[in-house]
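# Analysis of the macromolecular model
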Amino acid sequence: MNPQEAANTALSTPTLLIICAVAIAVLLTLIIRIKLHPFFALVLVSIGTAIATGIDVSNLMDTLIGGFGKTLGNVALLIGFGAVLGRIVATSGGARVLSDTLIRACGRDRAPFGLSVAALLFCFPIFLDAAYVVMLPIIYAIARELKSSILLFGLPVGGAGLVMHALMPPHPGPVAAAVFLHADIGQVLFVGLLVGLPTWYVMGYRLSVFLANRTPYQSVPDMLGDAHTDDAEPPAFSTVLLVLLLPLLLIFMNTGLSTLISSGTLPEDNPLLDVLMLIGETPMALLISTLVAMWLLVLKRARNGGMNAINDIVENAMAPVCSIILITGAGGMFGTVLTQSGIGTALAGSLNEIGMPLIVAGYVIASVIRIAQGSATVAGTTAAGIMAPAVLAAPELAGLPAACIVTAIVAGAIGYSHVNDSGFWLVGRFLGVSTRTMLTTWSVVSVGISLMAFGLAWLLFAFIA
């Protein structure tokens, strides 16, 4: 515990809970009722919460800027490269080619299902935010082609991404929780698939479509540009598929090499492997894929303009996402303030002393930390660390039971997405929907996924334990 967190333990758990609840209520009031821009609302509430929880004034700016910068360090490059890649695919006609192909393969009525299945594959190796950005041009193009609400396609993609990000290694939440609880990664993946696939279909897909159909029509935002309108032939399907699959292949390579190095199959200090690992890092993979898209979809097909055409695309892609980047960073700032306040730790400690079943306690602790500070990875890792002594002290929980507890913990960590979750703002801004709409759709889907995944994990645990 750092000095700041130690200072905050002077505040009682009820006091911290009240401060957290008031902060979220004020934030929602500023955004929904007063109509203040979310960026300014998040910054103001972050400052107020930091002061109320006793963060020293001399450390205030470091705390705010640290949370803002850490979040942007993770997502700004992804958003920037992804936005340019998406605009290239959209304006070249590539998104139209993909949407037409998907509609022919699945049928117009099954297009949301096909897109959600594609999202399962896209989100297996990479984070939700990166995969979502890559899939945006397809989401936009299909919604425009079918003249449907953007939510009908954006929500099922997000639901699939939430399931994969929460339950499946190599994502950091389940991997870290497995390490803490000494669970086998292969068994965690096995339990994750058993739990995740039905959870995705019922909550990630079916519930998303149900909520989208019950929500007033949401038009496609003009963020990636319209499809090409000149007389040039659209790019080949294989070319567009290569551009979109390239980052996934590079990231898969990074994941595979990391696993082989960790297991000792490959040496650690190998310059060639280091280079391959570097180009497989998510930001680098997106950068390489964007440069390849510039060449294949623009420069090779441009009748005139050359680099001027590229620069126009970059400028037009960057402008709309600046607001998204700032809001996402401010969401990370708010989450960091809540973490530094000690709210999650205090509540988790209290719950751990109640004496509920271990698998239930793991889920509840992860859920509380998630609600309190927003980060799914922090919630899953922290909850696993709290639960580790009790789980490791029970030899009968080794093996599949431990994998079930890991799944229950990360199920709690991915649910209850709301205004302190940077992903909440990223998805909402890209879909162009209001905060109220996100709370009645995205947040509900995340809760449904969390509860069903936990229920299935608990059922499996009861069967094998």
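What you see is a predicted model, and the numbers here were worked out from it, not measured in a lab.

Cut-off values and rules
- Residues numbered from 1 in each chain as written.
- Predicted model: local features only at pLDDT ≥ 70, side-chain atom pairs only at ≥ 80, totals over all residues.
- Heavy atoms only, no water.
- Helix = DSSP H or I, 4+ residues; strand = E, 2+ residues; numbered from the N terminus.
- Buried < 20%, exposed > 50% of the residue type's maximum accessible area, 1.4 Å probe, protein only.
- Contact = heavy atoms within 4.5 Å.
- Areas by Shrake-Rupley, 256 points an atom, 1.4 Å probe, with all protein chains shown as cover.
- Patch = residues over 30% accessible without salt bridge, like charges linked within 9 Å, V, L, I, M, F, W, Y side chains within 5 Å.
- Salt bridge = Lys/Arg side-chain N within 4 Å of Asp/Glu carboxyl O.
- Bend = angle between axes of the 7 residues up to and from the residue.
- Polar contact = N/O pair within 3.5 Å; in protein donor to acceptor, adjacent residues only side chain to side chain.
- Phe/Tyr/Trp six-rings, centres within 6.5 Å; stacked < 30°, edge-to-face > 60°.
- Lys NZ or Arg CZ within 6 Å of the ring centre and 35° of its normal.
- Axes fitted to C-alpha atoms, helices over the stretch in contact; angles between N-to-C directions.
- Parallel < 35°, antiparallel > 145°, perpendicular 65-115°, else oblique.
- Left-handed = near helix turned anticlockwise from the far one by under 90°.
- Nonpolar A, V, L, I, M, F, W, Y, C, P; charged D, E, K, R; others polar.
- pLDDT = per-residue confidence, 0-100.
- Core = buried A, V, L, I, M, F, W, Y, C linked by side-chain atoms within 4.5 Å.

### Some details on the overall build of the protein chain
Of regular secondary structure, the protein chain possesses 21 helices and 0 strands. Each of the 465 residues in the protein chain was classed as buried or not, and the buried ones make up 54%. When contacts within the protein chain are restricted to residue pairs at least 6 apart in sequence, long-range pairs at least 24 apart make up 81% of them. By element, 67% of the accessible surface of the protein chain is carried by carbon and sulfur atoms, the whole surface being about 19000 Å².

### Concerning unusual backbone geometry
In the Ramachandran plot, K147 falls in the positive-phi region, its phi being about 55 degrees despite a non-glycine side chain. For K147, the location among the structural elements is in the loop between helix 7 (128-146) and helix 8 (151-167).

### Some words on the side chain of T441
You can see T441 is positioned in the loop between helix 20 (435-440) and helix 21 (442-464). Classification of T441 as buried rests on a relative accessible area of 0%. With near-sequence residues (within four places) excluded, T441 lies in contact with L151, L155, L211 and T215.

### Observations regarding a nonpolar patch on the surface
Residues F237, L241, L245 and L249 make up a contiguous nonpolar surface patch of about 320 Å² in total accessible area. Relative to the assigned elements, L241 resides in helix 11 (residues 237-262).

### Focus: helix 10 (residues 185-214)
Remark: the principal bend of helix 10, roughly 40 degrees, maps to W200. Taking the backbone nitrogen of Q187 as reference, a side-chain oxygen 3.0 Å away marks D184 as the first, capping residue of helix 10.

### Digging into the packing of aromatic side chains
A complete count under the given rule lists 10 aromatic pairs for this structure. On the basis of an interplanar angle of 80 degrees and a centroid distance of 6.5 Å, the ring pair of F113 and Y201 is categorised as edge-to-face. In this pair, F113 sits in helix 6 (residues 111-122) while Y201 sits in helix 10, placing the two residues 88 residues apart along the sequence. The exposure class assigned to Y201 is partly exposed, which follows from its relative accessible area of 30%. The cationic tip of R110 hangs over the ring face of F113; the distance from NZ or CZ to the ring centre is 4.4 Å.

### Focus: the packing of helix 10 against helix 18 (residues 400-414)
For the pair helix 10 and helix 18, interaxial distance at closest approach is 9 Å and the crossing angle is 60 degrees. Classified by the angle between their axes, helix 10 and helix 18 sit oblique to one another. The chirality of how helix 10 crosses helix 18 is right-handed. Along its contact with helix 10, which presents Q187, V188, F190, V191, G192 and V195, the element helix 18 presents L400, A403, C404, V406 and T407. Tallied by class, residues from the contact of helix 10 with helix 18 come to 8 nonpolar, 3 polar and no charged.

### Some words on the confidence of the model for the protein chain
Reading predicted coordinates in detail is not appropriate for stretches of low pLDDT. Here the protein chain shows a mean pLDDT of 81. Residues at 70 or above account for 87%. When the elements of the protein chain are averaged for pLDDT, helix 1 (residues 3-8) gives the smallest value, 46, and helix 21 the largest, 95. Low confidence marks residues 3-9, where pLDDT is under 50. Its contacts with residues over four positions away, or in another chain, come to 15 contacts. A low-confidence stretch, residues 227-231 stays under pLDDT 50, and its non-local contacts, those more than four residues away or across chains, total 8 contacts.

### A look at the pattern of salt bridges
Enumeration over the complete set of coordinates arrives at 1 salt bridge. The partner of R370 in a salt bridge is D421, with the nearest N and O atoms 3.2 Å apart. In this pair, R370 is assigned in helix 16 (residues 358-373) and D421 in the loop between helix 18 and helix 19 (422-431), connecting sequence segments 51 residues apart. Taken individually, R370 and D421 each receive the classification buried, so the pair is uniform in this respect.

### Some words on the packing of helix 8 against helix 10
Viewed as axis vectors pointing N to C, helix 8 and helix 10 meet at an angle of 160 degrees, and their least axial separation amounts to 8 Å. As summarised for this structure, helix 8 and helix 10 are arranged roughly antiparallel, according to the angle between their axes. Crossing of helix 8 against helix 10: the hand is right-handed. Where helix 8 approaches helix 10, its residues L151, L152, L155, P156, G159, A160, V163 and L167 are matched on the opposing element by V188, G192, V195, G196, T199, W200, G204, Y205, S208, V209, A212 and N213. Per-class residue counts for the contact of helix 8 with helix 10 are 13 nonpolar, 7 polar and no charged.

### What about the nonpolar core?
Core analysis: the biggest nonpolar cluster contains 135 residues, and L115, I139 and F153 have the highest contact counts within it. It is helix 7 that contributes the most residues to this core, 13 residues altogether. If we ignore the near neighbours within four places in the chain, the residues touching I139 are L115, Y132, I150, F153, G154 and V157.

### Concerning the environment of H165
By secondary structure assignment, the location of H165 is in helix 8. Residue classification places H165 among the buried residues on the basis of a relative accessible area of 14%. Along the sequence, H165 and C123 sit 42 residues apart, while their C-alpha atoms lie 7.0 Å from each other.

### A short note on the environment of G82
Take G82: it is sitting in helix 4 (residues 57-91). In this structure, the C-alpha to C-alpha distance between G82 and D129, residues 47 residues apart in sequence, is 9.7 Å. In contact with G82, other than residues within four places in its own chain, are L77 and V133.

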